[in-house]
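Here are the chains, one letter per residue:
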Amino acid sequence: MKDPEQGKHPMRNLAFVAAALLVLMLGAGALAASETKVLFLSKSSGFEHSAIKRVDGQPAHVERVLTALAEDQGFELTTTKDAGLINAEDLARFDVVMFYTTGDLRMPGSGEGLFGGDGEGAMPAGGVGELVAWIEGGGGFIGIHCATDTFRGEEGDVTPYIAMIGGEFRIHGRQFEGTLEVVDTAHPTARSLPERWLKLDEWYLFKNFDESVHVVARMNPGTEGKRQEMYDIEPYPVIWTKNLGDGRIYYNAMGHREDVWDDEIFQSAVADAIRWAAGER
Ligand SMILES: [Zn+2]
């Protein structure tokens, strides 16, 4: 006798396989969607650092380091010198935006001279406002080194961008080995940093510092730094975070030198910052 159920089983099995496939596909989709999308902008409207300079159309040093880091850490990285991407519609495609920039990004720059800028795409007039709104809506902003040498104001004027990032580059002296001292060892962005880290770099000094930021680390000039009068000061903040609306902001003053970017400790700190800025704990 024929089993009345026979013939139904293949269909049932098929349905089961289809359902399993669907779960797998959804799972893969969810995994892809969870990959943190990072935009790295290295437009120079003022001084162009060698670390982000593209020569003969090749990716710059920092772009190569970040590309390898993204591959290793599972970030989806886009690198650009086109500040035109800083608008509401394009920002919506990213979880984290990183700036290694100089000058007034609304100016393309001539591409000539030490402070002439790179001539790459300019930021739209409303770019800063749209960036701030994107952060307030839950975006993660990371500023590295010269990100505070961007949208500087006239004397006595704090521009909206500087108010957002929490400090403004004032001056730097000769490079020296300063000691990074972690103030908040429990902070997620300090996870990979030694409590004290002696590092040769170009150390920025700041003005218009926002006292309400959360200081993660400061720089102790030590005796070597103090040999330059401008660094004959107490340890001061060089890594800080702040919240803005539903978003997060991280700044790290280090990273002028290529060999700082080559350092695995610095790379891990950048990866930690990306995860924190993306809202992971
Ligand atoms: Zn520099």
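Look up: the structure comes first, before these words.
This text gives an overview of the structure that appears in the document. In this text, all values refer to a predicted model and were calculated from it rather than measured experimentally. (Residues numbered from 1 in each chain as written. Predicted model: local features only at pLDDT ≥ 70, side-chain atom pairs only at ≥ 80, totals over all residues.)

**Observations concerning the overall build of the protein**
The helix and strand tally for the protein stands at 8 helices and 11 strands. For the protein, long-range pairs separated by at least 24 residues make up 72% of all intrachain contacts whose partners lie at least 6 apart in sequence. (Helix = DSSP H or I, 4+ residues; strand = E, 2+ residues; numbered from the N terminus. Contact = placed C-beta atoms within 7 Å.)

**A word on the sheet that holds strand 7 (residues 196-201)**
One key point about sheets: their strands pair by backbone hydrogen bonds, in either a parallel or an antiparallel sense. The sheet built from 9 strands is open, its strands ordered 2-1-3-4-11-10-9-6-7 with mixed pairing. The strands lining the two open edges of the sheet, one partner per strand, are strand 2 (76-80) and strand 7. With strand direction ignored, the average angle separating the axes of adjacent strands in the sheet is 20°. Bridge count between strand 10 (residues 236-244) and strand 11 (residues 247-252): 6 bridges; the pairing is antiparallel. Across the sheet, the residue bridging to Thr241 is Tyr250, located in strand 11. In the packing of helix 2 (residues 61-73) onto the sheet, the strands contacted are strand 1 (37-41) and strand 2, and the crossing angle to strand 2 comes to about 165°. Helix 8 (residues 264-277) contacts strand 1, strand 3 (96-99), strand 4 (140-144), strand 7 and strand 11 of the sheet and is inclined by roughly 165° relative to strand 11. (Pairing = 2+ DSSP bridges. Axes fitted to C-alpha atoms, helices over the stretch in contact; angles between N-to-C directions.)

**Some words on the nonpolar core**
Ranked by size, the top nonpolar core spans 68 residues in total, and within it Val38, Val96, Met98, Ile142, Ile274 and Ala277 carry the most contacts. At 8 residues, the largest contribution of residues to this core is made by helix 8. If we skip the residues at most four places from it in the chain, Ala277 touches Val96, Gly140, Phe141, Ile142, Arg248 and Tyr250. (Core = buried A, V, L, I, M, F, W, Y, C linked by C-beta atoms within 7 Å. Buried ≥ 20, exposed ≤ 12 C-beta atoms within 10 Å, placed from the backbone.)

**Details of the packing of helix 2 against helix 8**
Contact pair helix 2 / helix 8: the axes reach a minimum separation of 11 Å and the direction vectors enclose 60°. The orientation of helix 2 relative to helix 8 falls into the category oblique. Every pair of crossing elements has a handedness; the one defined by helix 2 and helix 8 is right-handed. Across from Val65, Leu69 and Gln73 in helix 2, the residues of helix 8 making contact are Gln267, Val270 and Ala271. (Parallel < 35°, antiparallel > 145°, perpendicular 65-115°, else oblique. Left-handed = near helix turned anticlockwise from the far one by under 90°.)

**So, the pairing of strand 3**
In strand 3, alternate side chains face the same way, and those of Val96 and Met98 on one face and Val97 and Phe99 on the other are all buried. Pairing between strand 1 and strand 3: 4 bridges, direction parallel. Its bridge partner being in strand 3, Leu41 is matched across the sheet by Phe99. Judged from the 4 bridges that link them, strand 3 and strand 4 form a sheet pairing that is parallel.

**Quick look at the environment of Pro59**
Relative to the helices and strands, Pro59 resides in the loop between strand 1 and helix 2. Residue Pro59 is classed as partly exposed on the basis of its 14 C-beta neighbours within 10 Å. Through-space distance from the C-alpha of Pro59 to that of Thr79 is 9.0 Å; in sequence the pair is 20 residues apart. When residues no more than four places from it in sequence are discounted, the contact partners of Pro59 are Arg54, Arg64 and Thr67.

**A look at unusual backbone geometry**
Of note, the phi angle at Phe151 is positive, near 50°, even though the residue is not glycine. When you line up the elements, Phe151 lands in the loop between strand 4 and helix 5 (160-165). A count of 25 C-beta atoms within 10 Å places Phe151 in the buried class. Positioned with a positive phi, Asn208 is a non-glycine residue whose angle comes to about 50°. Topologically, Asn208 is positioned in the loop between strand 8 (204-207) and strand 9 (214-220). In this structure Asn208 comes out as partly exposed when scored by C-beta crowding, with 19 C-beta atoms within 10 Å.

**Observations regarding helix 4 (residues 127-136)**
When helix 4 is considered as a whole, its buried residues turn out to be Gly127, Val128, Leu131, Val132, Trp134 and Ile135. Each buried residue of helix 4 lies within a common arc of 160° when the element is viewed along its axis, so the set occupies one face. Contacts made by the buried residues of helix 4 are with helix 3 (88-91), strand 4, helix 5, strand 10 and strand 11. Two residues or fewer after helix 4 comes Gly138, characterised by a positive phi angle close to 120°. (Arc of directions from axis to C-beta.)

Without other data, these values stay purely geometric and don't point to any function.
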